[in-house]
Amino acid sequence: MTDEDRAKAQVSEFTEQISSLRAEIGKVIVGHREVVDGVLICMLAGSHALLEGVPGLGKTMLVRTLAECVGLSCSRIQFTPDLMPADIIGTTVIDETAGTRSFEFRRGPVFANIVLADEVNRATPKTQSALLEAMQEHRVTVGRHTYGIDEPYFVLATQNPLEMEGTYPLPEAQLDRFFFKLQVSFPSREDLHAIIERTTAEHTAQVRPVLSREQIIAMQALARTVPAAHHVQDFAVRLLQATHPELDGATQQVKRFVRIGASPRGAQAMLLAAKVQALLKGRFAASIDDVKQAALPALRHRLLLSFEGEAEGVRPDDIIREIVEKLPETLA
Amino acid sequence: MVDRETRLRQLARLAWWTGARLRLATALSRFALLAPLPLLYAVVALTSIKVLRLGAQAQHHLMVAGLIPLGVVVVGVALVWLCRQAPHAGSLALDRHHDLSDRITSALAFRRLPPNQRTALMELAISDAARLSPAELSPRRAAPWPIPTELALVLGLAAALGGLSVLEVRVTRVIAPAKTSPPALLSLDDAELLRSAVAAVQADSNNPLVGDTAARFHRVIEDLEQGRLDRLEAFRQLAELEKRLLNGGAAEQNALEQALKDLANELAQSDLTRPLGDALGQGRLSDAEQALRKLAERLRSDQGRPSPAELDRLRKALDKASKSSAARAEALEERRQALSRQRDRLLKKKQRGTSSQADARELSDLERQLERLDREKRQAASAQQKLSELDRKLADAAQNLLKELGKSADELARASQDINRLSQEQMTEQQKRELLRQLRGLRELLRQQGQQGKHRLEQLKRFSQRARGMRPGPSASSKQGSRPGALIVGPGVSGAPVPLTATRPSSVPGSKSQEGHAHGANGAGPEWGTGEGPEVAGTPTAPKGETHDVTAVAKDTGQGTASSEVIEGAAERGFVGRDYQQVYTDYRAVAEDVIERDEVPPGYRFYIQRYFELIRPRR
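Residues numbered from 1 in each chain as written. Chains lettered and ligands numbered in written order. Predicted model: local features only at pLDDT ≥ 70, side-chain atom pairs only at ≥ 80, totals over all residues. Heavy atoms only, no water.

Draft legend 1. Summary view of the overall build of chain A. Counting its regular elements, chain A contains 14 helices and 11 strands. In chain A, which comprises 332 residues, the proportion classed as buried is 52%. Contacts spanning at least 24 positions in sequence make up 76% of the contacts within chain A whose residues lie at least 6 apart. With the model as given, the accessible surface of chain A reaches about 15800 Å², and the carbon-plus-sulfur share is 51%. (Helix = DSSP H or I, 4+ residues; strand = E, 2+ residues; numbered from the N terminus. Buried < 20%, exposed > 50% of the residue type's maximum accessible area, 1.4 Å probe, protein only. Contact = heavy atoms within 4.5 Å. Areas by Shrake-Rupley, 256 points an atom, 1.4 Å probe, with all protein chains shown as cover.)

Have a look at this one:
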């Protein structure tokens, strides 16, 4: 078997696995196709996602269902203002067994493969930073010991856009660590009907694991091998540059309403997401369309609006859509 | 089955072609955007030209300025066409149109990498694109040429331009009459005179040149009479005719006459040829021909045969005569050589630097003399050539006189034919001279009449009518400075008037009109034209310009009506009648005799001749 045949088989297997995973998730989660795909992309990119939506939209359910479908450990952390860092990373306790006393580190909920950090903006910055450090480093340092977190490690944080009083919005530097920011919208009427039918019936749907940990790791590795031609990469770079008001490619809206543009992580996120997107569609190379599709979730949380933008009520999504629309696909 | 590389090449070609179409579409869009500019300019310019009636220079400026908007279009389109296009524009357009998610573009990009740098997935991407069928890919649909939104404006402006170009803006304007040169003026009377003079020459001439020139002269006279020629054209045609007549060369004619005179001098040495010599010397070639024929007859006849001594003198005369023109040419050559030697001597002196001012003057004189001698030599050679036959025949006649008189007579008879030919040529020259004279007269007439304009023509017209004994119509306003009814002949306003109306002769002492006798004590003279009256003032060649009685004080011969009466009657009844004809002829003869004898300055001859032409008898 040649490398091409092997690669082709891998891509084919990837597509099938994702399809079965989607189908399995779809048994429990109604609608939210973009959110589900976004979550999957984040997972396959080996990064984390920030979900924003009002309570009761199934964010927790999604994470739990995903964890069950991939056979990975899952934990949920409900962030509250009194949550301490030790509450999430763990603490050292004295263990008295067999007449001996020893300090034992009891791992916190952050040491799961999939972590749902609910309402992360309710906790104090100190607690938030403890989570974000784990997200970035994939390890936790307590005292003089560092404890690694098993791969794959995937954090889904949520934010409640309604309750802003008494919250601690994540700083921009911290928001930048999230691969995607996914907006969980209110379900449609048809979806609501389906939700109600499924959740109020005698029997709820059960999911089974369709992917193993190793398969996910393999899929993550395959995603990184997907090639992106220069013009695709160039488009992602120019898209990123267009978010900066001080640069030439910026639109009028950017120059007016954006204070600081997206960081290079945004371009990384767009390109990596484009590669995963290509695999999801059974293609062997990323395309500009894939980048365009990833632009919104990858950049919306990375733009810092100016005072005028905030006063005008301009949304980052509108700015990013305008950029994507006007940016030429190629440049001479 | 097409291999992967071939298919990729096909895809690359399709991508290139699509890119070219995109470039052209951009250029067309730019053209449509800029085209209204020159069209609008053209509309405005054409409107200005038509409405404001701009001249050729203004139109030229507008056209030159129109190059600016046109240049803008050309530059704009050129910039778009020449600017660098995105490298993947064509393939991306194909991907977009056929919804291929950059498969073609990515495959072509990966294909450019060396094989060892391609990953497995890149190869898969290339193979995936190679499976696409080029037949299903359409560059035309992927890169359509859009209909520009400005097309309506461009078409509208083009239609407006087309409509303006055929639109005619009528403007009423007064067209000033064209300035034309006034026609040269020639009165009917003068035209009649000229016509009869030229006809007389034409009738006597056998020479085609003379005949043709006379015919042309007739046409000029007719055109002048009809007012078809302006002054410039009239003078031009007269100059052309003069040139034709002068081509014969007056100088050669003079040389021929001189040669004939030399011939005549030699022939005059013999009694037998003296009549011939006299006729030749006076230029009467027809008489010379007759004399020669008579001599030939005399030699042939048995009666009145010349004596041997006479024959001997005849022989010598004929012999010398035959050599006269050659002798003249030799004399000229000798003289020329002598002068040449002198000139060469002076030139050498000049080269040495030893010549003086007197030498320089002498050298200059010698150059002029040599030039003249060369001219005379050429003319003499021409004359010698013309007389060569005559010379030869005279020589043969002289030789045969010793042997056989009959033969000599034959030679002399043949020589008379040569003289006849010369006579014809002489007559031709005379006719040419007469035509030239008429030409020059007409030219002077036109020049003078041109100075005085239409008023002069009116005067001539009335004068002509009265000259014929007719009453003229109402006269035009007279020119200031001249009396009504007076025709002035002469230079300027001081010329002599020719009265158009008769005036009763006042009782002038010496006037013959009342008594018919000459009164010698009162100014009458003994002969024709010798009387004088107190009113005649001035000198014979500069009479005073006031009108006065024309009174001829003449000798009463007792033979019919007195001249003064005839002249008086002519002033009343016109220049008609046999008596007037006779008086006119007499006076004309006197005038011509005076002119011949050079008693009149050359500048005034025309006026005298003109005077007599005006008072010539009419039918």
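Draft legend 2. Quick look at the overall build of chain B. Secondary structure summary: chain B contains 22 helices and 4 strands in total. Here chain B holds 619 residues, and 39% of them are scored as buried. In chain B, the share of contacts with a sequence separation of at least 24, taken over all contacts with a separation of at least 6, comes to 73%. Within the structure as shown, chain B displays about 35200 Å² of accessible surface, and the carbon and sulfur contribution to it stands at 54%.

Draft legend 3. Expanded view of the pairing of strand β5 (residues 114–118) of chain A. Residue and element names in this part refer to chain A. Here β5 lies mainly inside the structure; 5 of its 5 residues are buried. Side chains of β5 alternate between two faces, with Ile114, Leu116 and Asp118 and Val115 and Ala117 buried alike. In this structure, strand β2 (residues 74–78) lies alongside β5, joined through 5 bridges in parallel fashion. Looking at the pairing, Cys74 lines up with Ile114 of β5. Where β5 lies against strand β8 (residues 154–159), 4 bridges are found, and the strand directions are parallel. (Pairing = 2+ DSSP bridges.)

Draft legend 4. Here's a closer look at the interface of chain A and chain B. On the chain B side, the residues contacting the 24 residues of chain A number 22 residues. A buried area of about 1900 Å², summed over both sides, lies between chain A and chain B, and 67% of it is on carbon and sulfur atoms. The interface formed by chain A and chain B includes 2 salt bridges. Arg96 of chain B is the salt-bridge partner of Asp289 of chain A, the closest N and O atoms lying 3.6 Å from each other. (Buried area = accessible area lost by both parts, 1.4 Å probe. Salt bridge = Lys/Arg side-chain N within 4 Å of Asp/Glu carboxyl O.)

Draft legend 5. Up close: helix α9 (residues 230–241) of chain A. Here α9 of chain A contains 12 residues, and its C-alpha end-to-end distance of 16 Å stays within 8% of the 16 Å for a straight helix at 1.5 Å per residue. Along α9 of chain A, the positions that sit buried rather than exposed are His231, Val232, Phe235, Ala236, Arg238, Leu239 and Leu240 of chain A. Of the surrounding secondary structure, the elements contacted by the buried residues of α9 of chain A are α11 (264–280), α12 (288–299) and α14 (316–326) of chain A together with α5 (89–97) and α6 (103–111) of chain B. (Expected span 1.5 Å × (residues − 1).)

Draft legend 6. Broad picture of the nonpolar core. If you look at the biggest cluster of nonpolar residues, it comprises 106 residues, and the most contacted ones within it are Leu21, Leu66 and Leu239 of chain A. When we break this core down by domain, the ones giving at least three residues each are domain 1 (3–82 + 112–215) and domain 2 (226–326) of chain A. Dropping the residues within four chain positions of it, Leu21 of chain A is found in contact with Leu40, Met43, Leu66, Cys69, Val70, Val210 and Leu211 of chain A. Counting residues in hydrophobic clusters, the runner-up holds 36 residues, among them Leu260, Leu285, Leu311 and Leu394 of chain B. (Core = buried A, V, L, I, M, F, W, Y, C linked by side-chain atoms within 4.5 Å. Domains from an automatic or database assignment.)

Draft legend 7. Spatial organisation of the pattern of salt bridges. This structure, assessed with the given rule, holds 69 salt bridges over all chains. Linking Arg302 of chain A and Asp176 of chain A is a salt bridge whose minimum nitrogen-to-oxygen distance equals 2.6 Å. With Arg302 of chain A in the loop between α12 and β11 (304–305) and Asp176 of chain A in the loop between α6 (172–175) and β9 (180–183), the pair connects residues that are 126 residues apart, well separated along the chain. The two residues Arg302 of chain A and Asp176 of chain A agree in class, both being buried. Between Arg111 of chain B and Glu5 of chain B there is a salt bridge, and its shortest N-O distance comes to 2.9 Å. You can see Arg111 of chain B sitting in helix α6 and its partner Glu5 of chain B sitting in helix α1 (residues 4–34), a full 106 residues away along the chain. Overall, Arg111 of chain B belongs to the partly exposed group, its relative accessible area being 24%. Note on Glu5 of chain B: relative accessible area 33%, which makes it partly exposed.

Draft legend 8. Layout of the packing of aromatic side chains. All names here are of chain B. Per the counting criterion, the structure on display carries 9 aromatic pairs over all chains. Relative to Tyr580, the ring of Phe575 has its centre 5.2 Å away and its plane inclined at 20°; by these criteria the two rings are stacked. Both residues of the pair, Phe575 and Tyr580, count as buried. Through a chain of ring-to-ring contacts, the aromatic side chains of Phe463, Phe575, Tyr580, Tyr584, Tyr611 and Phe612 assemble into a single cluster. Over the ring of Trp145 we find Arg21; its NZ or CZ atom is 4.4 Å from the centre of that ring. The ring of Trp81 has Arg23 lying over it, and the distance from NZ or CZ to the ring centre is 5.9 Å. (Phe/Tyr/Trp six-rings, centres within 6.5 Å; stacked < 30°, edge-to-face > 60°. Lys NZ or Arg CZ within 6 Å of the ring centre and 35° of its normal.)

Draft legend 9. Fine view of the environment of Ala239 of chain B. All names here are of chain B. One can find Ala239 in helix α12 (residues 231–246). The exposure class of Ala239 is partly exposed, given its relative accessible area of 39%. In the structure, Ala239 is positioned 201 residues away from Arg440 in sequence and 9.2 Å away in space, judged by C-alpha atoms.

Draft legend 10. View of the environment of Gln290 of chain B. Relative to the helices and strands, Gln290 of chain B is located in helix α15 (residues 285–300). Here the alpha-carbon distance between Gln290 of chain B and Gln417 of chain B, two residues 127 residues apart in the chain, equals 10.0 Å.

Draft legend 11. How the structure looks around the packing of helix α2 (residues 36–52) of chain B against helix α9 (residues 151–166) of chain B. Residue and element names in this part refer to chain B. Contact geometry for α2 and α9: axes closest at 9 Å, N-to-C directions at 20°. As far as their axial angle goes, α9 and α2 are roughly parallel. For α2 against α9, the interelement crossing comes out left-handed. Between α2 and α9, the residues in contact are Pro36, Leu39, Leu40, Ala42, Val43, Leu46, Thr47 and Lys50 and Leu153, Val154, Leu157, Ala158, Ala160, Leu161, Leu164, Ser165 and Val166, respectively. Class assignment of the residues belonging to the contact of α2 with α9 gives a composition of 14 nonpolar, 2 polar and 1 charged. (Axes fitted to C-alpha atoms, helices over the stretch in contact; angles between N-to-C directions. Parallel < 35°, antiparallel > 145°, perpendicular 65-115°, else oblique. Left-handed = near helix turned anticlockwise from the far one by under 90°. Nonpolar A, V, L, I, M, F, W, Y, C, P; charged D, E, K, R; others polar.)

Draft legend 12. Up close: the pairing of β8 of chain A. Residue and element names in this part refer to chain A. With 6 of 6 residues buried, β8 is to be regarded as a mostly interior element. Residues Phe154, Leu156 and Thr158 line one face of β8 and the alternating positions Val155, Ala157 and Gln159 line the opposite face, and both faces are buried. Inspection of the sheet shows strand β1 (residues 49–52) paired to β8 by 4 bridges, in the parallel sense. The residue of β8 that forms the bridge with Glu52 is Gln159.

Draft legend 13. Representation of a positive patch on the surface. Residues and elements named next belong to chain B. A surface patch of like charges, here positive, comprises Arg335, Arg372, Arg375 and Arg378. Among the elements that make up the positive patch, the one with the highest residue count is helix α17 (residues 357–386) (3 residues). With respect to the element layout, Arg378 can be found in helix α17. What makes Arg378 exposed here is its relative accessible area of 56%. (Patch = residues over 30% accessible without salt bridge, like charges linked within 9 Å, V, L, I, M, F, W, Y side chains within 5 Å. Lys, Arg positive; Asp, Glu negative; His and termini not counted. Charge placed at Lys NZ, Arg CZ, Asp CG, Glu CD.)

Draft legend 14. A look at the environment of Gly261 of chain A. Residue and element names in this part refer to chain A. When you line up the elements, Gly261 lands in the loop between β10 (258–260) and α11. Remark: the alpha-carbon pair of Gly261 and Arg302, spanning 41 residues in sequence, is separated by 7.0 Å. Sequence-distant contacts of Gly261, defined by excluding residues within four places in its chain, comprise Thr243, His244, Pro245, Arg302 and Leu303.

Draft legend 15. Quick peek at the sheet that holds β2 of chain A. Residues and elements named next belong to chain A. Taken in spatial order, the 5 strands make up an open sheet running β2-β5-β8-β1-β9, and their pairing is parallel. The open sheet has two edge strands with one neighbour each: β2 and β9. Taken over all neighbouring pairs, the strand axes of this sheet differ in orientation by 20° on average, direction set aside.

Draft legend 16. Structural view of the confidence of the model for chain B. Residues and elements named next belong to chain B. When pLDDT is averaged along chain B, the result is 79; 82% of the residues meet or exceed 70. Here residues 475–485 scores under 50 on pLDDT; set against residues more than four positions off or in separate chains, the count is 14 contacts. Contacts for the low-pLDDT stretch residues 500–521, under 50 throughout, to residues beyond four places or in other chains number 47 contacts. The ipTM assigned to the predicted complex is 0.86, against a pTM of 0.54. (pLDDT = per-residue confidence, 0-100.)

Draft legend 17. Here's a closer look at unusual backbone geometry. Between Glu151 of chain A and Pro152 of chain A the backbone carries a cis peptide bond, its omega angle lying at -10°. On the secondary structure map, Pro152 of chain A appears in the loop between β7 (145–148) and β8. The backbone of Ser101 of chain B sits at a positive phi, close to 50°, despite the residue not being glycine. As for its placement among the helices and strands, Ser101 of chain B is situated in the loop between α5 and α6.

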